[in-house]
Amino acid sequence: MGKFKLDEIDHQILDMLIDNTRIPFTDIAKKLVISAGTVHVRVKKMEEAGIIKGSSLTLDYKKLGYSFIAYVGVFLNNTSQTKFVLERISEIPFVTVAHITTGKFNIFCKVRAKNTSHAKDIIFLLDDIEGIYRTETMISLEESINDKKRLMHSIFNEL
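Residues numbered from 1 in each chain as written. Predicted model: local features only at pLDDT ≥ 70, side-chain atom pairs only at ≥ 80, totals over all residues. Heavy atoms only, no water.

*Asks:* Hey, could you go over the nonpolar core for me, with residue numbers and the actual values?
*Replies:* With 19 residues, the main nonpolar core has Ile-89, Val-95 and Leu-126 as its most contacted residues. Listed by contribution, the elements that provide at least two residues to this core are strand 1 (68–76), helix 4 (82–89), strand 3 (107–113) and helix 5 (116–127). When residues of this core are assigned to their parent elements, the largest contribution, five residues, is made by strand 1. Apart from the residues lying within four places of it in its own chain, the contact partners of Leu-126 are Val-72, Ile-89, Ile-92, Val-95, Val-111 and Ile-132. Grouped together as the second largest cluster of nonpolar side chains are 15 residues, Leu-17, Val-39, Met-46 and Phe-156 included. (Core = buried A, V, L, I, M, F, W, Y, C linked by side-chain atoms within 4.5 Å. Buried < 20%, exposed > 50% of the residue type's maximum accessible area, 1.4 Å probe, protein only. Helix = DSSP H or I, 4+ residues; strand = E, 2+ residues; numbered from the N terminus. Contact = heavy atoms within 4.5 Å.)

*Asks:* Requested: an account of the sheet that holds strand 2 (residues 95–100), with residues and values cited.
*Replies:* Judged by pairing direction, the sheet is antiparallel, and its four strands sit side by side in the order 2-3-1-4 without closing on themselves. Each edge of the open sheet carries a strand with a single partner, namely strand 2 and strand 4 (132–139). Across the sheet, the mean angle separating the axes of adjacent strands is 20° when strand polarity is ignored. Pairing analysis gives seven bridges linking strand 1 to strand 4, with the strands arranged antiparallel. By the bridge assignment for strand 4, Tyr-71 is matched with Met-138. Sheet contacts for helix 4: strand 1, strand 2, strand 3 and strand 4; angle to strand 3, the most-contacted strand, approximately 5°. (Pairing = 2+ DSSP bridges. Axes fitted to C-alpha atoms, helices over the stretch in contact; angles between N-to-C directions.)

Laid out in C-alpha cells, this is it:
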C-alpha cells in the first residue's frame, strides 16, 4: 500500500482529535468551516488507511492510586525464550508496556504501581518468570514530556 497523502485539513482534524478524541465532528467542522460529512469521510479514509487506529481514553492514574512508575529492563537466559516470557509478562496487569529491545536489555517494561512496596512485589513477579535471569529497575521521578502532537507536527512538516 502506498503512502497515504494528508493535506492541511487532515492535519487540523488530527490535531483536534489528539487533543480530544471525543470531540464531535460537527465541532471540528465548525472550526474548520467545512461540513461534518467531510470530516466524517476524511476520518473514515484515515482509519481505512491505518493512520488512525481507534481512539483512546486517558486515565489519571494518580487519582486512581497508581502514581508510582518504574521501568524494568529484563535480561533473558536465552533470546529464544522471548515469546514465552512476553506471554507471562502480559499476565501481570501492572506491566502496562513491554518492548523487545536491542542493547543492554532483551525486554524493557513500564510498570505502574501504588507505591514502592507494590512495585517491589510486581518486580518480584517478573523475576520469578522462567527464562528471566535478572532485572534492572529505574524509578520514574516525573513524566516530563508526553506530547503526541510534537511528533505528529514534525511528520507533517516532512510531507
